[in-house]
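# Structural features, examined
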Amino acid sequence: MTHVAELKGITKNYPGVVALRDVSIAIRAGEIHGLAGENGAGKSTLIKILGGALALDAGEVLIHDQPVRLSTPHAAITRGISVVHQELVSAPSLSVAENVLLGHLSHNAVGGVRWKATRERARDALDRVGLAVDERTEMGRLSLGQQQLVEIARALLRDARVLVLDEPSAILGGKDLDVLYDVVRSTRDSGVAVVYISHRLKEVLSLCDRVTVLKDGRSQGTVDVTDLDEQRLVTMMTGRQLTAPQRPVVVAKAETLLEAIPTERDSGGLKVTVRAGEIVGLAGLVGSGRTEVARAIIGAEPGPYDVTVAGEPFRRRSPRAARRAGIAYLPEDRKDQGLLLNRSIRENVGLASLRLRSIAGVMRSRRDRASVADLAKRVHLKAASLEAPPSTLSGGNQQKVMLARWLATSPTVLILDEPTRGIDVGGKSEIYTLMRELTDSGRGILMISSEIEEVVAMSDRVLVMNQGRVVAEYSGHEITEDNISRSALLSAPTDQGHVQ
Amino acid sequence: MKISRKLAPVLVLVLLSATACSKASTVSSSGGGGSSDGSDKLAGSQTLQGYDSLPFKDILAMPEGDVKVAGKEKILLGFSQTCFNHPWRKAMLESVLAEVKRHPNVSVVTVDGNCDAAKQSNDIDDLMARGVDAIIMSPVESAGLAPAARRVMAKKMPLVLLDRDVPAEKTVFIGQSNVEMAYETAKKMIADMNGKGNIVEITGLSGSSPATDRSTGLKKALAEAPGMKLLAVGDGQWVREPAVKVMDDWLTKYPKIDAVFSHAEESSWGAMQAIKNAGRCNDNIKEYTHDGSAPGFKAVKEGQFQADGNYSPFIGDIGVRAALGALEGKPIDGAKAYSQPGSYLQLPNLPLVTAENADQWVPKGWGTFELTKNPCK
Amino acid sequence: MNEPAATMLAKPKMQGVRERGPAATATMRKYGAGVALILLIIFSSLQSDRFLQVDNVLNVLRQISIVGVLALGMTFVIITAGIDLSVGSMLSVVVVYTADTVQTRGVFLGVIMALSLGCLLGLVNGLGVAIGRIQPFVMTLGMLAFAKGIALIFTEGQPVAITNDAFLAFGNGRTLGIPNPAIVFLVLLAVCMFVLRGTVFGRSVYAVGANEEAARLSGIPVRRVKCAVYVISGLMVGIAGILYASQLGVGTPVAGDGKELDAIAATVVGGTSLFGGVGTAGGTFVGAAILGVLSNILNLSGVSPYVQYLFRGGLIVAAVLLQRREGRGR
């Protein structure tokens, strides 16, 4: 049987690490081929090799059974392999049409852009992915889901025979996901091979036709999804079973640590409260205003809330004041808002507690090192050296760096924005365990999450946001995926993708 | 450091007022009023000791009093200066004003080109729009101001160029020769050393035309004196600090340097500083320099400089007389046709200032700043 | 059956170029400038036997002290991903006011004038950047022109000569055989190394430059830090102004022309990234030394001033190439 693309015996070494060892994967036309594995399993490396962004050390790439050398991304594209990366690479200030046709604008003899033809070609491509936005819209005004569709449209326009989607669902929620799934399926039905990388087990099982699982740089084999269930998939990926720690019984009348009450001019929403010892899930679609609530509470941006911390009004809000008041905020975008990527792990961990490591402004370097090492141990950080930059860490360990940074400030309330985004199954379990340890010691956690399973599994109470307001609160046995989804979607606008 | 929003504008104001209260106001223009109000603006700096000390007052000499031009009661001249970043440039303006002051019905508008050819080109247009009768310009740059010169000539207006030429039609270009001045200085140096010795050259800003010309003059003289050895050439950029650095390094490298030939007095002072730093004051390294400032002449008199090339900024008065003469319809005595369009009035070389004649030249030098101390004393 | 193809496709040469480990990158960043300096020194000592003479080495130290001090201030600013284009013009202002004050009111007030004027001008930059949220490039470009104007207006273009012996003796004297300006530079170097590496403020400077939003969310007073680095840059200008005036005995309104570029060059050659978050005071010293040694050896070798510009330009690019791959991962 001929394969539209085949990787054979791929081996890739990084200094001191074998990223991939003898991995083979064959992709058929008209299938959705899942690529699953924990972070660090080698998925990204494999995709980079297929996309021409990385040279391989051993092995070969075959396109329609012909060995090829994909030495640059451009070479891959001309051979029909298009990769849509996790970090979208669009030009936000250009129009959607220009983004779709980036590098392929229609032009006349002297190089002038033929705008009409450009727009028509863009329109066709957008229709193929069912994106009903005006092609003249500025790219930056689109939701993340819509931007993703634009990226896919661009790939399809280049006559991709293999479309590689690198964790497309990681940044999407709710309706955007359904749209994405539809597009992926219709792309497959048009004969294109889709390579779909994901952490979401359910998604892999429901969307893909076959799945190749990677673990520690080796292939665990390619399996038809019909032969798989969630447990088996997890076992293949980790050798472990997925468990969320047992939810303890919360003392109902525990002390209220944090309260954010909508101001009068913004009435209609419910208040956000966090009590000692509980994890409060803050659910809702992407763009429903969850992050904005968090940022308003810590004073990173103005927001229509009156905040009290442990009963005291918290008026002159700023991230600095919030830290002093005992609130920790771990942003959803670790790279852009959390980590100092070119500074050491030690400096990253110490960032929020410099005063504690110093006397009169002078750092006490021995104490600094010792206390960072302590914190790293507390969060079970796995790092070769604390002097290395955090870019050398996996997503899960990067999140632990963030946790360690804030644990150093002895917070009473932690606001975790998408704490497990981009983190593999094993890392997730560890983060969940840490969260439970924190609440067990009397702290409160407000957890913002797009993954409903996570919200249901972890939360003692759930608040659901819809269009900028907290519209529902569930606790105990009311916490179900159904309830949460309904509150999140109800009366949300129906035109696809427009969740913002 | 708590800095409130309110403080910011206050601080800016403090800065602004500090500036405004400094020594004197800027020299930009003397309005269209009487001839005297231009010189009043210069009350703070009295480089010029009086009309009689102008070195070229006898060229195109003109009697005091009203200038009679057919159909005009009052005459307005425009003076476009390169920029006022150097006292030499201000001294030129003083000589312009000194001449204007002698003619009650003549006044002058001065504009500052900010050392920017484009700005100066616009300045020329502004002057014409303002209705001046003639334009005197010391151009920032030759080629860049040719179109502006053509616009002036197209209006049949006298155009007098000072110090630097422009490759376009003009009434007259009045200038001294940097090549010949440097040649004279170099000849004096060679004579002092009996035609034998090691010298170093510190140039003005590399690539600027006076620096190129002064180097040419030196080379011409050295070609005639085979016993002289030019050890090294360095860029002193007309100022002190870079000269210290190159001289530092040369003193390290060369055990015997007999003289420093510098394009500018400031760089000579820098070289002396380096000699002091290197502990070589007793080497008796001679200094030959150029600029012709009053403090420079004093230094010659005191023996710190052996000679100072006399490149006088006091040529503005000739420019005014040439412009007024052209308006009166008189020919310009001594102006000759030359390789460029228009005519050229080459000024006689002023005598090189040495120990013999320094006394008589100190009052005729430009600049009011204080004499730098001899670092070796 | 895979074997032959596998060997064929394995290109050991390529991997080295395309993916160098983060460790190697960090090492080059840390020591690249130092390696360049050592190579240059070896080359220079082969080129001229006078190069390693004590007096010549001390000369170079004295020569780099003014730009070096400016570059130390610049290092703080550039680590926060800012830039200070105004140091040259501010230096001119400081130098002329200091010269005048030393002449009319004595050395003590002259020094006070230099330091406070430097801080004040730096503060205006800092407020503009931190509170006015003006881009550093634009704010300091404005200050460049503004300060130049102040210097020219104050002096009317005339140089101000300094005749105070005590003041001149400082700039040109030596202590324990070492030129005083070099001592000032080395002391400031030590202070800056300590502040950047060993204080809360220094760590905050790196954090603001590495990721401003992360620093803000972690409770770092970002605006205060940003303002402070420009004040530090201004303070360094004040100190450099004292060195200039007392070394050269004159205050001219063109004293600092172009010095901002020398300072930026020394900083960048020393391994500080214009993208922010990376750089050390020690590196800046090495950068200033590289540029100083280069011009020294070119003079010692009698290279024409025209050609010296080529070497200088080439060296700046080469030194930065040695520390490749900056700003990755942002």
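For the structure, check the block above.
Below you will find a few notes about this structure. Model, not experiment: these values are computed from the prediction. Here the residue numbering is sequential within each chain, running from 1 through the sequence in written order. Working convention: letters from A go to chains and numbers from 1 go to ligands, in the order in which they are written. Where totals are concerned, whole chains, interfaces and linings use all residues; where local detail is concerned, this predicted model gives features only for residues with pLDDT of at least 70, and gives and counts side-chain atom pairs only at 80 or more. Processing note: side-chain calculations cover all non-hydrogen atoms of the structure and skip hydrogens and water entirely.

With that settled, consider the interface of chain C and chain A. In this description, contact between two residues means that some pair of their heavy atoms is separated by no more than 4.5 Å. Each side of the interface is counted separately: chain C has 38 residues, and chain A has 48 residues. Across the interface of chain C and chain A, roughly 3,500 Å² is buried in total on both sides, 57% from carbon and sulfur atoms. Whenever Lys or Arg places a side-chain nitrogen within 4 Å of a carboxyl oxygen from Asp or Glu, that contact is recorded as a salt bridge. Inspection of the chain C/chain A interface yields two salt bridges. With its nearest N and O atoms 3.0 Å apart, the salt bridge here joins Arg 295 of chain A to Glu 213 of chain C. In protein, a polar contact requires one atom able to donate a hydrogen and another able to accept it; more generally it is a pair of N or O atoms within 3.5 Å, and residues adjacent in sequence count only if both atoms are side-chain atoms. Viewed at the interface, chain A and chain C are joined by 14 residue pairs in polar contact (both at pLDDT 80 or more). Only runs of H or I of at least four residues qualify as helices and only runs of E of at least two qualify as strands under DSSP, and these elements are numbered from the N terminus. Contributions of two or more residues to the side of chain C that touches chain A are made by helix H1 (3-9), helix H2 (12-18), helix H9 (180-198), helix H10 (200-210) and helix H11 (212-217) of chain C. Taken together, the residues of the side of chain C that touches chain A break down into 18 nonpolar, 13 polar and seven charged. Here the quantity called buried area is the total loss of accessible area, with a 1.4 Å probe, experienced by two parts when brought into contact, counted for both. Just so you know the grouping, Ala, Val, Leu, Ile, Met, Phe, Trp, Tyr, Cys and Pro go in nonpolar, Asp, Glu, Lys and Arg go in charged, and all remaining residues, Gly too, go in polar.

All names here are of chain C. Where H9 contacts H10, the two axes come as close as 5 Å, and the packing angle between them is 70°. Considered as vectors, H9 and H10 are oriented roughly perpendicular to each other. Along the contact surface, H9 presents Val 195, Leu 196 and Gly 198, while H10 presents Val 200, Phe 201, Gly 202, Arg 203, Val 205 and Tyr 206. Its residues assigned to classes, the contact of H9 with H10 comprises six nonpolar, two polar and one charged. Working convention: axes come from line fits to C-alpha atoms, limited for helices to the stretch in contact. Angles between N-to-C directions cover 0 to 180 degrees. Angles are sorted into four bins: roughly parallel if under 35 degrees, roughly antiparallel if over 145, roughly perpendicular if 65 to 115, and oblique for all others.

One key point about sheets: their strands pair by backbone hydrogen bonds, in either a parallel or an antiparallel sense. Residues and elements named next belong to chain A. Read from one edge of the open sheet, four strands run S12-S11-S14-S15, paired in antiparallel fashion. Edge strands, defined here as strands with exactly one partner in the open sheet, are strand S12 (272-275) and strand S15 (312-314). Averaged over neighbouring strand pairs, the angle between their axes works out to 20° when direction is ignored. Sheet analysis places strand S11 (residues 256-262) next to strand S14 (residues 305-309), joined by five bridges and oriented antiparallel. Note: two strands are recorded as paired if DSSP finds a minimum of 2 bridges between them.

So, on to the interface of chain C and chain B. Residue-level contacts link 52 residues of chain C with 48 residues of chain B. Of the roughly 4,500 Å² buried between chain C and chain B on both sides combined, carbon and sulfur atoms contribute 56%. Ranking the residues of chain C by area buried against chain B places Glu 156, Gln 158 and Asn 299 of chain C at the top, with a combined share of 14%. Taken together, chain C and chain B are joined by three salt bridges. Close ionic contact of Glu 241 of chain B with Lys 259 of chain C constitutes a salt bridge, the shortest N to O distance being 2.5 Å. Here chain C and chain B share 16 residue pairs in polar contact (both at pLDDT 80 or more) between them. When contributions to the side of chain C that touches chain B are tallied by element, the ones reaching two or more residues are helix H4 (54-79), helix H5 (87-105), helix H6 (107-130), helix H7 (136-155), helix H8 (165-172), helix H12 (222-248), helix H14 (281-300) and helix H15 (305-322) of chain C. It is H12 of chain C that contributes the most residues to the side of chain C that touches chain B, seven residues altogether.

With that settled, the discussion passes to the state of the cysteines. For this text, the term disulfide refers to a pair of cysteine sulfurs within 2.5 Å. Throughout the structure, instances matching the rule amount to one disulfide over all chains. Here Cys 281 of chain B is linked by a disulfide to Cys 376 of chain B, with a sulfur-sulfur distance of 1.9 Å. On the sign convention where negative is left-handed, the bridge of Cys 281 of chain B and Cys 376 of chain B, at about -80° about the S-S bond, is left-handed. Of this pair, Cys 281 of chain B sits in the loop between helix H9 (265-277) and strand S9 (286-290) while Cys 376 of chain B is found in the segment after helix H12 (358-361), placing the two residues 95 residues apart along the sequence. Whether a residue is buried, partly exposed or exposed follows from its accessible area with a 1.4 Å probe, protein chains only, as a fraction of its type maximum: under 20%, in between, or over 50%, in that order. Taking relative accessible area as the criterion, Cys 281 of chain B reaches 28% and is therefore assigned partly exposed. Looking at Cys 192 of chain C, it has no disulfide partner, and the nearest cysteine sulfur is the one in Cys 119 of chain C, 13 Å off. With relative accessibility at 2%, the residue Cys 192 of chain C sits in the buried group.

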